[in-house]
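Close look at the chain arrangement
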Amino acid sequence: MKKLSAVVTVDAYTFQHINLEQSTKSKSPLSVQILYLVILSTVHHKVDLEGCVTESDSGSSKSLEVDTSVTVVPCGAQDEGESLLLTSGSLTLEQNQQTSQFFFKNLVMAAHIAALLFCAYIIYVAAPGTDLFSWHPTLMVLAYAAAMFEAVLVFSPHSSLVGSLSRQTKVTLHWSLASLSAVLALGGLAVIYQVKENKQKVHFSTWHGLLGLITVGYSFMQLFGGAAVKYYSFSSRFIKMRLADLKMTHAVSGVAAFTLVSTTLMLALYSNWVSDRIQDMAWYACYMAVGWMALVVMNQVTTAYAPRFKPRRH
């Protein structure tokens, strides 16, 4: 097994550093891994994948190129000219990493505040206890904008509110918040079901209602998936999957779950109940808060499960 430490450059920006393994038994495993890496990198940069991967040797410098927009160069290369896409206007890896860390730390901290303000404002508008329906938006924002969102951010490398706790404690807290989220969401679903029954209206007749039902069901599926990860010694008897693969599946599924959550919350903002109570800048602020939370969750998961990188040493 040959190992190649490489720097990936996309659109003249060096942003990733990864150790690749090249098997002597396979014809082109390195090319396959590069394509996989490029697909992951599209989360941050749009890259045209239409085309073939070409491999070339230039002295001691070996590179793989995809449509001249992605190049992988061995880290041992000392001459800047060997980094085919590094131009005079490109950022260095160290500068890019510092900028990204500062940006995402502040992005996530602001998302905590946005989620808190969004929950507080919706609960204020709903005024829980004034009627039965008022408990539906109250329970749902607590379930998803508070409990589920914070459950994900427990593992944030940038701005976790419990960053000093041990990994095992974070796992327990994550699962507890996810369980609370599912229970609150089930309560919110029960409330709106009873409201429709009392008014003799058709159930789940709107996109918001239908996606809401799917989201609650998916939340419980995600909760069971998390339990399978947490209690892998037991679940491995029935689930024939490596723990690392099961964790990745759970994380990717979590992105899908929060995408459903965000879509459902955004559709709720178009409902008659919201239109009668929230207008103008307040409505746009709520919309942006939901989008902001979705962005943070997606970035955290894709960053955590993309290949791990180290700074380039010159």
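See the structure shown above.
This section reports on the structure supplied with the text.

Reading the values: rules and limits
- Residues numbered from 1 in each chain as written.
- Predicted model: local features only at pLDDT ≥ 70, side-chain atom pairs only at ≥ 80, totals over all residues.
- Heavy atoms only, no water.
- Helix = DSSP H or I, 4+ residues; strand = E, 2+ residues; numbered from the N terminus.
- Buried < 20%, exposed > 50% of the residue type's maximum accessible area, 1.4 Å probe, protein only.
- Contact = heavy atoms within 4.5 Å.
- Areas by Shrake-Rupley, 256 points an atom, 1.4 Å probe, with all protein chains shown as cover.
- Polar contact = N/O pair within 3.5 Å; in protein donor to acceptor, adjacent residues only side chain to side chain.
- Salt bridge = Lys/Arg side-chain N within 4 Å of Asp/Glu carboxyl O.
- Expected span 1.5 Å × (residues − 1).
- Bend = angle between axes of the 7 residues up to and from the residue.
- 1 Å grid on protein atoms, 1.4 Å probe; cavity = no way out; pocket = protein on both sides within 12 Å on 5 of 7 lines; lining within 4 Å.
- Points joined across faces, edges and corners; volume = space filled by probe spheres on them.
- Nonpolar A, V, L, I, M, F, W, Y, C, P; charged D, E, K, R; others polar.
- Phe/Tyr/Trp six-rings, centres within 6.5 Å; stacked < 30°, edge-to-face > 60°.
- Lys, Arg positive; Asp, Glu negative; His and termini not counted.

Re the overall build of the chain
In terms of regular secondary structure, the chain is built from nine helices and five strands. The proportion of buried residues among the 314 residues of the chain is 41%. Sequence separation of 24 or more characterises 61% of the internal contacts of the chain that already satisfy a separation of 6 or more. Accessible surface, the chain: about 17900 Å² in total, of which carbon and sulfur atoms supply 63%.

Points about the environment of T206
Positionally, T206 belongs in the loop between α4 (167–198) and α5 (207–230). One polar contact links the side chain of T206 to the main-chain amide nitrogen of G209, over a distance of 3.1 Å.

A closer look at the pattern of salt bridges
Scanning the model with the defined rule gives one salt bridge in all. The closest approach of N and O atoms between D245 and R242, which form a salt bridge, is 3.0 Å. A relative accessible area of 31% places D245 in the partly exposed class. Here R242 falls in the exposed class, since its relative accessible area comes to 55%.

As for the environment of A114
Within the secondary structure, A114 is located in helix α2 (residues 93–126). Between the C-alpha atom of A114 and that of V290, which follows or precedes it by 176 residues, the distance is 8.4 Å.

Some remarks on helix α3 (residues 135–153)
Its 19 residues place the ends of α3 26 Å apart at the C-alpha level, agreeing with the 27 Å of an ideal helix rising 1.5 Å per residue. Where α3 bends most, the angle comes to about 25 degrees, and this point is A143.

A look at the layout of surface pockets
Roughly 1100 Å³ of internal volume is contained in the second largest pocket. Of all the secondary structure elements, the ones that give two or more residues to the lining of the second largest pocket are α2, α3, α4, α5, α7 (243–268) and α8 (272–277). Counting residues per element, the lining of the second largest pocket draws most heavily on α5, which supplies seven residues. In terms of residue class, the lining of the second largest pocket is made up of 27 nonpolar, 14 polar and five charged.

Thoughts on the packing of aromatic side chains
Aromatic rings considered in pairs are described by the distance between their centres and by the relative angle of their planes. The full count for this structure, using the stated rule, is seven aromatic pairs. Ring plane angle 35 degrees and centroid distance 6.0 Å describe the contact between F149 and F258, whose orientation is recorded as tilted. One end of the pair, F149, is in helix α3; the other, F258, is in helix α7, and 109 residues separate them in sequence. For F149, a relative accessible area of 0% gives the class buried. Residue class for F258 comes out buried when judged on its relative accessible area of 3%. Aromatic pair Y270 and W283: ring centres 5.3 Å apart, planes at 75 degrees, arrangement edge-to-face. In this pair, Y270 is assigned in the loop between α7 and α8 and W283 in helix α9 (residues 280–305), connecting sequence segments 13 residues apart. Take Y270: its relative accessible area is 52%, and that puts it in the exposed class. What makes W283 buried here is its relative accessible area of 14%.

Structural notes on unusual backbone geometry
We note that A127 has phi near 50 degrees; this positive angle belongs to a residue other than glycine. Following the sequence through the fold, A127 ends up in the loop between α2 and α3. For A127, a relative accessible area of 29% corresponds to the partly exposed category. A positive phi angle, close to 50 degrees, is found at F204, a residue other than glycine.

Thoughts on the side chain of K170
Structurally, the position occupied by K170 is in helix α4. The charged side chain of K170 is buried without a salt bridge, its nearest counter-charge being E150 at 12 Å. Once residues lying within four places of it in the same chain are set aside, the contact partners of K170 are V154, F155, V162, G163 and L165.

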